[in-house]
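# Structure at a glance
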Amino acid sequence: MGGSYVEQARENHVKKKVEEALRSKMKAKALNECDQYVSKYAECATGRTFSVVWTCRKIAKELNTCLHEFTNDKVLEEMKREYTLQEEGKLSAASTT
């Protein structure tokens with residue numbers, strides 16, 4: 001019974017590490033896809049402190065809208081599905097050779 005618990009804990013740890021990596025990849029893709037909004041926001045925010053909140057509000061909202069298109073649960077679930085299919089493909093390829 002103890003071995004089963006350790007095995008399950010390792011599997012959960014691996015799942016969490018994979019999910020962290022997928023989230024990181026998702027965020028990087030979002031920033032790349034929304035680069036024009038990131039640049040606009042950075043330009044607006046340059047040299048400002050408190051006033052950035054109201055001065056750049058519209059641009060910040062556009063940036064957040066764009067980022068949300070690429071960083072939501074649906075996108076993450078699709079990435080997990082693709083990852084799982086890739087892993088299953090690797091396993092089946094390895095077992096046939």
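See the structure shown above.
This write-up is about the structure you can find in this document. In every chain, residue numbers begin from 1 and rise along the written sequence. For this predicted model, a pLDDT threshold of at least 70 governs which residues receive local features, and a threshold of 80 or more governs which side-chain atom pairs are given and counted, while totals over whole chains, interfaces and linings are taken from all residues. In computing side-chain values, all of the structure's heavy atoms are included and hydrogens and water are not.

Quick look at the state of the cysteines now. Working definition of a disulfide: a covalent bond connecting the sulfur atoms of two cysteines. A pair of cysteine sulfur atoms is labelled a disulfide when the two atoms are within 2.5 Å. Evaluation of the coordinates by the stated rule reveals two disulfides. A disulfide bridge connects C34 with C66, and the sulfur atoms are separated by 2.0 Å. Between C34 and C66, the S-S torsion sits near -95°, and that sign places the bridge as left-handed. Of the two residues, C34 is situated in the loop between α1 (2–33) and α2 (35–45) and C66 in helix α4 (residues 57–70); the sequence distance between them amounts to 32 residues. No difference in accessibility class separates C34 from C66, as the two residues are buried. Covalent S-S linkage joins C44 and C56, the inter-sulfur distance amounting to 1.9 Å. Measuring handedness by torsion sign, the sulfur bridge of C44 and C56 sits at about -95° and is left-handed. Within this pair, whereas C44 is found in helix α2, its partner C56 is found in the loop between α3 (52–55) and α4, the two being separated by 12 residues in sequence. For the pair shown, C44 and C56 are each scored as buried. Counting only the cysteines that take part in disulfides, in the order they occur along the protein, gives the pairing 1-4, 2-3. Elements are defined by DSSP. Helices are runs of H or I of four residues or more, strands are runs of E of two residues or more, and each kind is numbered from the N terminus. The buried label applies to any residue whose accessible area, calculated with a 1.4 Å probe on protein chains only, is under 20% of its type's maximum; exposed applies above 50%, and partly exposed to all values in between.

A few words now on α4. A rise of 1.5 Å per residue sets the reference length of α4, with its 14 residues, at 20 Å; its end C-alpha atoms lie 20 Å apart and thus fit the reference within 8%. All of the buried residues in α4 are A60, L63, C66 and L67. Angularly, the buried residues of α4 cover 130° about the axis, an arc narrow enough to put them on a single face. Within α4, the exposed residues directed more than 90 degrees away from the buried face are R57, K58, K61 and E69. Here the expected length of a helix is defined as 1.5 Å per residue gap, with one fewer gap than residues. It is the directions from the helix axis to the C-beta atoms whose arc is reported.

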